[in-house]
Amino acid sequence: MGIRCCIFLLCAAASGVHAAPRFELEALPGPAALPGYQLRTIDGFNDLGQILTTSMPDTFGVDSLSLYTPGSGLAAIDPGPAMRIGYDLNERGQVAGVYDLVAHVFGPGGTGGPVPGMFGISSYAYAINDRGMVVGQRDGAGAFWYTPEAGLRYAPRFADRAVDVNDRDVVLLAADAPGQPYWLYDTTNGATTTLDFGERLGGRAWLNDTGDVALQEVNDFGGAWRVHRWRDGALTDVSGVAGGLSDELLDFNDPGWLLGRSYVEGEDGQGTMAGFLNLPGEGTFALDALIDPASRAGWTTLLPFKLNDAGDIAGWGLYGGEQRLFVLRSVAAPVPEPGAIALFAFGAVVVGAAARGRRSDS
């Protein structure tokens, strides 16, 4: 009975294993935005550490796109003073977006240009894969994809938008109206898979290289409501922060990690947005609980935005009252709490002593 009891203690110690800290916070050098601008959003983050940012002017004007590159800092990638939006960043540093209401591919130093064939009608480039396939929407023509080798192609007429593409050249298609099906369309052979979820899905949706999909469910007013993951033909809910009233999808990577924010109502009636991370097979964790406390000292605000395939997270926050870009570096698997380690060591000693005593009695 003694050994069994000690084994129970060891199991209890093991149950003290938790998922924090997984990340160390690293403040990136330099300003968060170019002179005359304030950082608004982060729209892309790749495994090279490049970060696509959108900044708004301090005075009247249009937003500006910049690309942060480790070792080089921020650089504007705007081709000129017209409306521009950046939607996606690939591993080559190419950006899919919109400039002057035309789908574009941007690059460092203002390189790149409109997707060939896009002129005269509003168009949008929503995603770009690592070999440069661009997908998006053209008003009046529906979903498109483009590669330099094959040129401009349009998806079947049932789809209004191509919202993402993976490195297998499979495109995630959607209708403009929430509640309509999504489709997976293989551009190499024309195979189509209908994803009829029966939910009010709309807005953000991501397709990873393994074929999994993360989707945002919206409420009756079009606002973020719940988050779902589609894997192996099954749609499952992804819970956000405990007590959250609604969940917003932010990003989704190839390992299947899902990054989001939950709206949590405060005691004073003022709500806050709390980040969360969902890991397949492990569940959902409040992001704050996963950050090494020593590395985040001095930060009053942390807003996560993007997740790369290496498991790092990019965001911006306030440090000393100033905007700063940061990266949460993934540093460790779940480790035991100190109390759990002590209990495990104590249990191991007791088990060893009990075993020796049993041998001496025999």
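You'll find the structure just up there.
All values reported here derive from a predicted model rather than from experimental measurement. (Residues numbered from 1 in each chain as written. Predicted model: local features only at pLDDT ≥ 70, side-chain atom pairs only at ≥ 80, totals over all residues. Heavy atoms only, no water.)

**Student:** Give a detailed account of the sheet that holds strand 6 (residues 73-76), specifying residues and quantitative values.
**Tutor:** One open sheet holds the four strands; their spatial order is 3-4-5-6, and the pairing between them is antiparallel. At either margin of the open sheet sits one strand with a lone partner, and together these are strand 3 (37-45) and strand 6. Neighbour-to-neighbour, the strand axes of the sheet open up by a mean angle of 30 degrees, direction not taken into account. (Pairing = 2+ DSSP bridges. Helix = DSSP H or I, 4+ residues; strand = E, 2+ residues; numbered from the N terminus. Axes fitted to C-alpha atoms, helices over the stretch in contact; angles between N-to-C directions.)

**Student:** Describe the side chain of Asn278, listing the residues and the values that go with them.
**Tutor:** With respect to the secondary-structure elements, Asn278 resides in strand 25 (residues 271-279). Engagement of the side chain of Asn278 in a polar contact is seen with the side chain of Arg229, the distance being 2.9 Å. Ignoring any residue separated from it by four or fewer positions in sequence, one finds Asn278 in contact with Arg229, Val238, Gly256, Trp257, Leu258, Gly283 and Thr284. (Polar contact = N/O pair within 3.5 Å; in protein donor to acceptor, adjacent residues only side chain to side chain. Contact = heavy atoms within 4.5 Å.)

**Student:** Run through the sheet that holds strand 29 (residues 322-330), naming residues and quoting values.
**Tutor:** The strands making up a sheet associate through backbone hydrogen bonding, with each pair oriented either parallel or antiparallel. Spatially, the four strands line up as an open sheet ordered 2-29-28-27, and their pairing is antiparallel. A single partner strand is all that each edge strand has here, and the edge strands are strand 2 (23-27) and strand 27 (299-307). Pairs of neighbouring strands in the sheet enclose a mean axial angle of 30 degrees, with direction left out of account. Here five bridges tie strand 2 to strand 29, and the two strands are oriented antiparallel to one another. Residue pairing across strands places Leu25 opposite Leu328, the latter belonging to strand 29.

**Student:** An account of unusual backbone geometry is requested, with residue identities and associated values reported.
**Tutor:** Positive phi, close to 65 degrees, is recorded for Leu101, a residue that is not glycine. Topologically, Leu101 is positioned in the loop between strand 8 (95-99) and strand 9 (102-106). Phi angles above zero are rare outside glycine, and Asp232 is one such case at about 55 degrees. Within the fold, Asp232 resides in the loop between strand 21 (224-231) and strand 22 (234-238). By relative accessible area, which is 73% here, Asp232 ends up exposed. (Buried < 20%, exposed > 50% of the residue type's maximum accessible area, 1.4 Å probe, protein only.)

**Student:** How would you summarise the environment of Ala150 if you had to cite specific residues and measurements?
**Tutor:** Within the element layout of this structure, Ala150 appears in the loop between strand 13 (142-147) and strand 14 (151-154). Residues Ala150 and Met133, spaced 17 residues apart in sequence, show a C-alpha to C-alpha distance of 9.8 Å.

**Student:** Before we move on, can you summarise the environment of Ala76 with the specific residues and values?
**Tutor:** With respect to the helices, strands and loops of the structure, Ala76 is situated in strand 6. A sequence separation of 43 residues divides Ala76 from Ala33, and the C-alpha atoms of the two residues are 9.6 Å apart.

**Student:** Tell me what's going on with the pattern of salt bridges, and back it up with residues and numbers.
**Tutor:** Between side chains of opposite charge, pairing is possible as soon as their charged atoms come close. Under the defined criterion, the tally for this structure stands at 10 salt bridges. Residue Arg296 is joined to Asp288 by a salt bridge in which the shortest nitrogen-to-oxygen separation is 3.1 Å. Since its relative accessible area comes to 52%, Asp288 is described here as exposed. Put simply, Arg329 and Asp312 hold a salt bridge, and the shortest N to O gap is 3.6 Å. You can see Arg329 sitting in strand 29 and its partner Asp312 sitting in the loop between strand 27 and strand 28 (313-319), a full 17 residues away along the chain. For Asp312, a relative accessible area of 12% puts it in the buried group. (Salt bridge = Lys/Arg side-chain N within 4 Å of Asp/Glu carboxyl O.)

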